[in-house]
Amino acid sequence: MPGVPRYVVIAVVALLVASCSSGTKTAPEIAGYVETYLQAHPDVKRAAKKGTESATVVIKGRDQDVFADLGEGLGGRLIRTGGAAYMHMSGEEVAPGKTWDKITEEHEPYNLFGIGVVTSQAMTLVNSHRVSAQLAARGRASGPLFDGGLDRYTVTIDVQAALDGLDLVAFPEVYDPLPLRQDTETEYVMVRAGDKAAQARLRAELLEEFGVRATYDLWLDGQGRPVRQRLTAKTSTEIIFSDWGDTTVTAPPADQVRGPTG
């Protein structure tokens, strides 16, 4: 390349090599990449956001630290470590100077319901890549492109076409595994049973939620690890992945915990 400085040539070559480092992938491969990687590498921190809701989940072996902010002051945090569970509900003080309850079947068992709600909503949000995957698997793939030191893959989605191809019998378990309302659960039972009217209503609700067009983006680092995943739609979601294989979960300070004895 006569007349072009050598450092520019080197930079261009490096850019091209980096952009091809993970290789091309099909839409189903891009859509299912996060779930496949998580199954093999479960210890990770995931921070997700959808509208006004957010959640952070840290996994370390059998231990977990789960935080959910459901908006309007609703939410909480659950830590399971060392064979114990600790619960904090947003805005609450369980006793003077104490913000955590140590939960057992015998102590504060009412909070077991709170544990179920918080963990379910948080896990649904950080696992929203599964919903995105259902849509993106039927899209049109492109990439990788070199984007800020990462490989970015993109899938453009015709939402109506994706919804028409969904297996709606299995989809509710991915989309909303623990509905908070009984009428929603009843509707899902009808969907799973193959009720055509209920399935049509669910498709219409999903089309209203996501819009006609959507884009699924996935960023991978040089080791092929997911760093970021985003579904850009009428209702968008984003998940940030960090601390792969280097996570920690610690119990809250003992002086902030109300336990069975006080």
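Residues numbered from 1 in each chain as written. Predicted model: local features only at pLDDT ≥ 70, side-chain atom pairs only at ≥ 80, totals over all residues. Heavy atoms only, no water.

Asker: Just to check I follow, could you spell out the pattern of salt bridges for this structure?
Answerer: Side chains carrying opposite charge are able to pair once their charged atoms draw close together. In the structure shown here, the tally under the stated rule is 13 salt bridges. In this structure, Arg192 engages Glu185 in a salt bridge whose closest nitrogen and oxygen atoms are separated by 3.8 Å. Accessibility expressed as a relative area gives 30% for Arg192, which makes it partly exposed. Between Arg228 and Glu238 there is a salt bridge, with the nearest N and O atoms lying 3.0 Å from each other. Taken together, the positions of Arg228 in strand E10 (residues 226-232) and Glu238 in strand E11 (residues 237-242) put the pair ten residues apart, joining distant regions of the chain. The exposure class of Glu238 is partly exposed, given its relative accessible area of 25%. (Salt bridge = Lys/Arg side-chain N within 4 Å of Asp/Glu carboxyl O. Buried < 20%, exposed > 50% of the residue type's maximum accessible area, 1.4 Å probe, protein only. Helix = DSSP H or I, 4+ residues; strand = E, 2+ residues; numbered from the N terminus.)

Asker: Honestly, the confidence of the model for the chain in this entry has me stumped. Any pointers?
Answerer: Where the model shows low pLDDT, its predicted coordinates should not be examined in detail. On average, the chain scores 85 in pLDDT, and the residues at 70 or more come to 84%. Across residues 6-21, confidence stays below pLDDT 50; counting only partners more than four residues off in sequence or on other chains, it has ten contacts. (pLDDT = per-residue confidence, 0-100. Contact = heavy atoms within 4.5 Å.)

Asker: Sorry if this is basic, but what is going on with the environment of Gly149 here?
Answerer: Inspection of the secondary structure assignment puts Gly149 in the loop between strand E7 (140-147) and strand E8 (150-158). Judged by its relative accessible area of 45%, Gly149 is partly exposed. C-alpha separation for the pair Gly149 and Asp221, spaced 72 residues apart in sequence, amounts to 7.4 Å.

Asker: Hey, could you run me through the sheet that holds E11 in this one?
Answerer: Sheets are built from strands paired through backbone hydrogen bonds, the pairs being either parallel or antiparallel. An order of E7-E8-E9-E10-E11-E1-E2-E3-E4-E5-E6-E12 is seen for the twelve strands of this open sheet, with the pairing classed as mixed. Strands at the two margins of the open sheet, each flanked by one partner only, are E7 and strand E12 (257-258). In the sheet, strand E5 (residues 84-89) pairs with strand E6 (residues 100-103) via three bridges, with the strands oriented antiparallel. Among the inter-strand pairings, Tyr86 is bridged to a residue of E6, identified as Lys102. Taken strand by strand, helix H2 (residues 27-40) contacts strand E1 (45-50), E7, E8, strand E9 (213-220), E10 and E11, and its axis lies near 50° from that of E9. Helix H4 (residues 129-136) contacts E1, E8, E9, E10 and E11 of the sheet and is inclined by roughly 65° relative to E10. (Pairing = 2+ DSSP bridges. Axes fitted to C-alpha atoms, helices over the stretch in contact; angles between N-to-C directions.)

Asker: What is the right way to look at the nonpolar core in this model?
Answerer: As a rule of thumb, soluble globular proteins bury nonpolar side chains together. One finds Ile157, Phe210, Tyr216 and Leu231 to be the most contacted residues of the largest nonpolar core, which totals 50 residues. When residues of this core are assigned to their parent elements, the largest contribution, seven residues, is made by H2. When neighbours within four sequence positions are excluded, Tyr216 is seen to be in contact with Ile30, Ala31, Val34, Ser132, Ala136, Tyr153, Thr154, Val155, Ile157, Gln229, Arg230 and Leu231. (Core = buried A, V, L, I, M, F, W, Y, C linked by side-chain atoms within 4.5 Å.)

Asker: So what exactly am I meant to see when it comes to the side chain of Thr154 here?
Answerer: Note on placement: Thr154 falls in strand E8. Engagement of the side chain of Thr154 in a polar contact is seen with the side chain of Asp217, the distance being 2.6 Å. Among all residues touching Thr154, those that are not within four sequence positions of it are Arg140, Ala141, Ser142, Thr215, Tyr216 and Asp217. (Polar contact = N/O pair within 3.5 Å; in protein donor to acceptor, adjacent residues only side chain to side chain.)

Asker: I would appreciate a short explanation of the packing of aromatic side chains in the present structure.
Answerer: Where two aromatic rings form a pair, the distance of their centres and the angle of their planes describe that pair. Inspection of every chain in the model, using the stated rule, returns four aromatic pairs. Between the aromatic rings of Phe171 and Tyr175, the centroid separation amounts to 5.5 Å while the plane-to-plane angle is 20°, which identifies the pairing as stacked. Here the residue Phe171 and the residue Tyr175 both occupy positions in helix H6 (residues 171-175), the gap between them amounting to four residues, near one helical turn. Each ring, one from Phe241 and one from Trp244, has its centre 5.9 Å from the other, and the planes form 20°; the classification is stacked. Considered together, Phe241 and Trp244 belong to a single accessibility category, that of buried residues. One aromatic cluster in this structure is built from Tyr33, Tyr37, Phe241 and Trp244. Geometry around Trp219 places Arg228 over its ring, the cationic atom sitting 4.2 Å from the centre. (Phe/Tyr/Trp six-rings, centres within 6.5 Å; stacked < 30°, edge-to-face > 60°. Lys NZ or Arg CZ within 6 Å of the ring centre and 35° of its normal.)

Asker: Any chance you could explain the environment of Met123 here in plain terms?
Answerer: Take Met123: it is sitting in helix H3 (residues 111-126). The partly exposed category is assigned to Met123, whose relative accessible area is 22%. Spatially, the C-alpha atom of Met123 lies 7.9 Å from that of Ala55, the residues being 68 residues apart in sequence. Discounting chain neighbours no more than four positions away, the residues touching Met123 are Arg46 and Val57.

Asker: Explain H2 here, please?
Answerer: One turn of an α-helix holds 3.6 residues; hence residues three or four places apart share an orientation. In this model H2 runs 21 Å from its N-terminal to its C-terminal C-alpha over 14 residues, within 8% of the 20 Å that 1.5 Å per residue would give. Of all the bends in H2, the greatest measures close to 45° and is centred on Tyr33. Those residues of H2 that sit buried are Ala27, Ile30, Ala31, Tyr33, Val34, Tyr37 and Leu38. (Expected span 1.5 Å × (residues − 1). Bend = angle between axes of the 7 residues up to and from the residue.)

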